Amino acid sequence: KAGVTQTPRYLIKTRGQQVTLSCSPISGHRSVSWYQQTPGQGLQFLFEYFSETQRNKGNFPGRFSGRQFSNSRSEMNVSTLELGDSALYLCASSVDGGPPPGNTIYFGEGSWLTVV
Amino acid sequence: AQSVTQLGSHVSVSEGALVLLRCNYSSSVPPYLFWYVQYPNQGLQLLLKYTSAATLVKGINGFEAEFKKSETSFHLTKPSAHMSDAAEYFCAVSARGDTGRRALTFGSGTRLQVQP
């Protein structure tokens, strides 16, 4: 069974540009969440999507957005990139985002974004 | 709000020695707790999870953790460290946000070094 797949793995963008990251969840998983990891702030929750609807959101500015498609694949977008957006962006999936143990969250390898 | 605190940002042990990584939680309700491991340039891999079924939880790679309500702790241990255990370890709690939906809240991480 394939795990959570994220693309691209590495990318470099310039300040002011926008970026789109893609995530394919584990087959059968309908909940997709995104997390940002930085040395200064650690791991922080961005948002969660289920059935193409955002149903949970962390404390990030509106420049961070996402969407989910009918096949549960998800994309996140960051507009007007800032230097501080340089981070590892991790996608995670679970069956339906409900409580454990039935909904263990599994993570992908992440997308490394560098903003210059 | 539910949270976790990891004591010690860096831990160094000799190969074959006991590994002890500390995690304390703050929660007014029974928590769902997790340990994840992150190897260099990789995503997060689930080591083990506590979901109230048993206080001693066994995970992968010989790791285990004991849930102690009286101490609000969920420390991670391994009897004998191996060089391949060198990584960063994150304790996390599945917490409900303002929307009532769950997301993982992570500790700041502990980097484990294993000396030959």
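Refer to the preceding data block for the structure.
Residues numbered from 1 in each chain as written. Chains lettered and ligands numbered in written order. Predicted model: local features only at pLDDT ≥ 70, side-chain atom pairs only at ≥ 80, totals over all residues. Heavy atoms only, no water.

Novice: I tried to follow the pairing of strand 4 (residues 33-38) of chain B on my own but got confused; where do I start?
Specialist: Successive residues of a regular strand alternate their side chains across the two faces of the sheet. Residues and elements named next belong to chain B. Summarising burial for strand 4: 6 of the 6 residues are buried, a large majority. Every second residue of strand 4 is oriented toward a common face, with Leu33, Trp35 and Val37 on one face and Phe34, Tyr36 and Gln38 on the other, all of them buried. Pairing of strand 4 with strand 5 (residues 44-50), which is carried by 6 bridges, proceeds in the antiparallel orientation. Bridge pairing in strand 5 links Tyr36 to Leu46. Bridging between strand 4 and strand 9 (residues 87-96) involves 6 bridges; their strand directions are antiparallel. Within strand 9, the position partnered with Leu33 by the bridge is Val93. (Buried < 20%, exposed > 50% of the residue type's maximum accessible area, 1.4 Å probe, protein only. Helix = DSSP H or I, 4+ residues; strand = E, 2+ residues; numbered from the N terminus. Pairing = 2+ DSSP bridges.)

Novice: Would you mind going over the sheet that holds strand 1 (residues 3-7) of chain B with me for this structure?
Specialist: Backbone hydrogen bonds hold the strands of a sheet together, and the pairing may be parallel or antiparallel. All names here are of chain B. Overall, antiparallel pairing links the 5 strands, which are arranged 1-3-8-7-6 in an open sheet. Of all the strands in the sheet, just strand 1 and strand 6 (56-58) have a single pairing partner and so form its edges. Averaged over all neighbouring strand pairs, the angle between strand axes comes to 20°, with direction disregarded. Looking at chain direction, strand 7 (residues 64-68) and strand 8 (residues 73-78) are connected through 5 bridges and run antiparallel. Directly across from Ala65, in strand 8, lies its bridge partner Leu76. (Axes fitted to C-alpha atoms, helices over the stretch in contact; angles between N-to-C directions.)

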